[in-house]
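An overview of the molecular structure
One letter stands for each residue in the lines below.
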Amino acid sequence: MTSLKLSKEVKLKGGEEEYTNDGTVDFYGMPANRANTGKWPAAIMLLLNQGLATLAFFGVGVNLVLFLTRVLHQNNAEAANNVSIWTGTVYIFSLFGAFLSDSYWGRFKSCIIFQGVYVTGLVLLSLVTQLYLIKPKGCGDRTNLCGEHSTMEIRLFYISVYMIALGYGGYQPNIISFGADQFDEHDLREKPSKPAFFSYFYLALNLGSFFSNTVLDYFEDDGMWALGFWASAASAFAGLVLFLGGTAKYRHFRSSGNPITRFSQVIVAASKKWRVEMPENEDALYEGDDESSKTADRKMLHTHGFKFLDKAALITSKELDNEKQSNRNPWRLCPISQVEEVKCILRLLPIWLCTILYSVEFTQMASMFVVQGDAMKTTIGNFRIPAASMSGFDIMSVAIFIFFYRQFFDPLVKKFKKIKGEAQGITQLQRMGIGLSIAGMAMLSAAIVECYRLEYARKDCSQCEGSSSLSIFWQVPQYSLIGASEVFMYVGQLEFFGQQTPDGLKSFGSALCMASISLGNYVSSLLVSIVMKISTSENVSGWIPANLNDGHLDRFYFLLASLTVLDLVAYIACARRYKGMKHGEMIKVSEEDKCDQV
């Protein structure tokens, strides 16, 4: 795609700006026309695309733990671990997708390619399930387990689900950043829409999964796995068609090159000068020209901290001569903006690490909450409620709290603090801390429910329906608290990492949110394995056995709640020390340069 350099405002006769000021271009590489591209018409198509893609993903993921136990004969702990590993892999692939997008493909092309892989994986899963795994016909419900499967059939199953992981994972960080790109933050009319987009994006994600957690979940829980998977494939395909339908409306940013190379140059250049003393005068630091010192269209200003890295921008006499001859070696001398990119990511890492435990708690919704609910009373009269469908209360909680936060909570805090203008009432870091606290409360709620479930459990029951007379609706508080915590934690994360990453690494910023979910799933899997190894002996079946009535799942929830307290203390310490990046003015480019092709 042809890229054009933008900086000066182009005016119409009536005084309205015709083109965006943030450097975005249209599909043909021409400057993005403000009236005909981007804004909410384009963003709404992306929100609908996200809803359909999420419907498809949760159509597979929400009941995967039950599919593994009923169809592939895995026990509860093994199935929960496999789901955690699979979900974690989904979000590890988000880093891969963000890297390709920021470095080479751009967000639009990346979205198309990964959605294509996603649809292919869903179709393959549907075929494998219908033709090979559901044998004998009608198996896979609560009473009829399926027969044995060959190694090849199981391999095909895992190939398909990990194709889904690659497609959905690679697509997610790019669709988030691509949606935010549709709003020009340098325009006062469009700027407030960008944070609103992140809230509505997360709402679309949850509303998309609502159908999966109700209708599809009901059919799959009743043994109609192939039907549920085919519905997911159709939804993902419809989302891809919708995405392509908006091609002419989208605004695009050009890719900014391989960030690994830029980061490595800073580390190598600083290491080569580790013996050189830093002068007190910042004028000795290399600013670079407009092309070498920018990320996207803005320079990053020098900040204090990580002073060792500043040596990468320190100009020695030899480098001064090379610079005069336009012969700069990027592995010995880097512009200060390039150094600040590395500092920015290093400052984000402690905050990011503190969010991983939250994801450990969040992932319990797709594993331990489902297993716990499946061992409770799931019937109202003759109607049975699938355990996984209880996550619908999480979705409703997200929708309610997003509305409550935007319409009441944040305006009330702004009024109390006497904050005027576009600034938010509570900072993104404060929102994330609140979310972590609420998640700890959710674990306490789940632990208390499990204590009562055990009290009303039938000790002689082994994985039978109604193994406890305690109603599954006692899980509503824990699901609702998780939903409330998501509005504070995950929406806050999307805004925070989207705002605090350099302009050329916005997809990477979104991928950091996904990666915290990924590591949370891996940590959850590791934690379950450690707990089972420590708590299991010859006469004791452990905290999370095949028959939960013989275990102590409540102790596992109490453990998570205790770890949350420790994590919250560490998070507060990191958040208080955090310092954001600083940007300079938009880089001015001549009129002639606007017509240059890159």
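Owing to the predicted nature of the structure, the values given are computational and were not obtained by experimental measurement.

Considerations on unusual backbone geometry
Note the cis peptide between Lys135 and Pro136, where omega equals 0°. With respect to the helices and strands, the residue Pro136 is situated in the loop between α4 (107-133) and α5 (151-180). Of note, His73 is a non-glycine position whose phi angle comes to about 65°, a positive value. By the secondary structure assignment, His73 is in the loop between α2 (64-70) and α3 (76-105). The backbone of Phe306 sits at a positive phi, close to 50°, despite the residue not being glycine. Here Phe306 lies in the loop between β2 (298-300) and α9 (307-310).

As for helix α11 (residues 336-354)
Helix length check: α11, at 19 residues, gives a terminal C-alpha distance of 29 Å against a target of 27 Å (1.5 Å per residue), a fit within 8%. Where α11 bends most, at Leu348, the angle is about 30°, and the proline Pro350 comes one to four residues later. α11 sits mainly inside the fold: 15 of its 19 residues count as buried.

What to know about the state of the cysteines
Per the counting criterion, the structure on display carries 1 disulfide. Linked covalently through their sulfurs, Cys139 and Cys146 form a disulfide whose S-S length is 2.0 Å. What sets the handedness of the Cys139 and Cys146 disulfide is the S-S torsion sign, and at about 90° it is right-handed. According to the relative accessible area criterion, Cys139 is buried, its value standing at 2%. Its relative accessible area of 4% is what places Cys146 among the buried residues. Note on Cys574: no disulfide assigned, nearest cysteine sulfur contributed by Cys354 at a separation of 4.1 Å.

Observations regarding the pattern of salt bridges
Per the stated rule, a full pass over the model turns up 10 salt bridges. Notably, a salt bridge pairs Glu340 with Lys343, separated by 3.2 Å at the nearest N-O pair. Of this pair, Glu340 and Lys343 both sit in helix α11, 3 residues apart, which is roughly one turn of that helix. Note that Arg431 and Glu495 form a salt bridge whose closest N and O atoms lie 3.2 Å from each other.

A closer look at the side chain of Gln338
Looking at the secondary structure, you find Gln338 in helix α11. Overall, the relative accessible area of 9% leaves Gln338 in the buried class. A distance of 3.0 Å separates the side chain of Gln338 from the backbone oxygen of Arg262, its partner in a polar contact. Contacts of Gln338, omitting those with residues within four sequence positions, involve Arg262, Gln265 and Val266.

A closer look at empty space enclosed by the protein
Applying the stated criterion across every chain, the model contains 3 cavities of 30 Å³ or more. Computed from the structure, the largest cavity encloses a volume of approximately 530 Å³. Residue lining of the largest cavity: 34 residues in total, with Phe57, Phe58, Tyr91, Leu205 and Phe362 positioned closest to the centre. Looking at the lining of the largest cavity, the elements with two or more residues in it are α1 (39-61), α3, α5, α6 (193-221), α14 (391-417), α16 (476-500) and α17 (506-535). Per element, the largest residue contribution to the lining of the largest cavity is 6 residues, and it comes from α6. Partitioned by chemical class, the residues of the lining of the largest cavity number 23 nonpolar, 9 polar and 2 charged. Each of two domains, domain 1 (37-247) and domain 3 (342-575), supplies a minimum of three residues to the lining of the largest cavity. Counted as a void, the second largest cavity has a volume near 60 Å³. Looking at the second largest cavity, the residues that line it are Leu64, Leu68, Asn82, Trp86, Phe157, Tyr158, Val161 and Tyr162. Mapped by element, the contributors of at least two residues to the lining of the second largest cavity are α2, α3 and α5. When residues of the lining of the second largest cavity are assigned to their parent elements, the largest contribution, 4 residues, is made by α5. Of the residues assigned to the lining of the second largest cavity, the class counts are 7 nonpolar, 1 polar and no charged.

Some words on the packing of helix α8 (residues 259-272) against α11
A pair of packed helices is characterised by two quantities: the angle between their axes and the separation of those axes. Two numbers describe how α8 lies on α11: the axes approach to 9 Å, and their chain directions differ by 100°. Overall, the two elements α8 and α11 adopt an arrangement that is roughly perpendicular. Between α8 and α11, the contacting residues are Arg262, Phe263, Gln265, Val266 and Ile267 on the first element and Gln338, Val339, Glu341, Val342 and Ile345 on the second. When grouped by side-chain class, the residues that make up the contact of α8 with α11 number 6 nonpolar, 2 polar and 2 charged.

Observations regarding the confidence of the model for the protein
On average, residues of the protein score 82 in pLDDT, and 89% of them reach the 70 mark or higher. Overall, residues 292-296 carries pLDDT values under 50, and its contacts beyond four positions in sequence, including any with other chains, amount to 18 contacts.

What about the packing of α1 against helix α7 (residues 225-245)?
Packing of α1 against α7 brings their axes to within 8 Å, and their N-to-C directions diverge by 160°. It follows from the interaxial angle that α1 and α7 lie roughly antiparallel. Along this stretch, α1 crosses α7, giving a crossing that reads as left-handed. Between α1 and α7, the residues in contact are Met45, Leu46, Leu48, Asn49, Leu52, Leu55, Ala56, Gly59 and Val60 and Phe229, Ser232, Ser235, Ala236, Ala238, Gly239, Leu240, Leu242, Phe243 and Gly245, respectively. For the contact of α1 with α7, the class distribution of residues is 13 nonpolar, 6 polar and no charged.

Concerning the packing of aromatic side chains
In total, this model carries 42 aromatic pairs according to the counting rule given. Ring geometry for Phe96 versus Phe114: centroids 6.3 Å apart, planes at 80°, classification edge-to-face. One end of the pair, Phe96, is in helix α3; the other, Phe114, is in helix α4, with 18 residues separating them in the sequence. Residue classification places Phe96 among the partly exposed residues on the basis of a relative accessible area of 41%. An aromatic cluster is built from Phe401, Phe403, Phe404, Tyr405, Phe408, Phe409 and Phe488, whose rings are joined through pairwise contacts.

A look at the side chain of Thr303
Relative to the assigned elements, Thr303 resides in the loop between β2 and α9. The exposure class assigned to Thr303 is buried, which follows from its relative accessible area of 6%. Here Glu340 takes part through its side chain, which lies 2.7 Å from a polar atom of the side chain of Thr303.

A closer look at the nonpolar core
In this structure, Trp86, Tyr118, Phe157, Phe556 and Tyr557 are the most contacted members of the largest nonpolar core, which totals 131 residues. Counting residues per element, this core draws most heavily on α16, at 11 residues. Built from parts of two domains, this core gets at least three residues from each of domain 1 (37-247) and domain 3 (342-575). Leave out the neighbours within four places in its chain, and Phe157 touches Leu64, Phe67, Leu68, Leu72, Leu125, Val128 and Leu133.

Analysis parameters
Residues numbered from 1 in each chain as written. Predicted model: local features only at pLDDT ≥ 70, side-chain atom pairs only at ≥ 80, totals over all residues. Heavy atoms only, no water. Helix = DSSP H or I, 4+ residues; strand = E, 2+ residues; numbered from the N terminus. Expected span 1.5 Å × (residues − 1). Bend = angle between axes of the 7 residues up to and from the residue. Buried < 20%, exposed > 50% of the residue type's maximum accessible area, 1.4 Å probe, protein only. Disulfide = S-S within 2.5 Å. Salt bridge = Lys/Arg side-chain N within 4 Å of Asp/Glu carboxyl O. Polar contact = N/O pair within 3.5 Å; in protein donor to acceptor, adjacent residues only side chain to side chain. Contact = heavy atoms within 4.5 Å. 1 Å grid on protein atoms, 1.4 Å probe; cavity = no way out; pocket = protein on both sides within 12 Å on 5 of 7 lines; lining within 4 Å. Points joined across faces, edges and corners; volume = space filled by probe spheres on them. Nonpolar A, V, L, I, M, F, W, Y, C, P; charged D, E, K, R; others polar. Domains from an automatic or database assignment. Axes fitted to C-alpha atoms, helices over the stretch in contact; angles between N-to-C directions. Parallel < 35°, antiparallel > 145°, perpendicular 65-115°, else oblique. pLDDT = per-residue confidence, 0-100. Left-handed = near helix turned anticlockwise from the far one by under 90°. Phe/Tyr/Trp six-rings, centres within 6.5 Å; stacked < 30°, edge-to-face > 60°. Core = buried A, V, L, I, M, F, W, Y, C linked by side-chain atoms within 4.5 Å.

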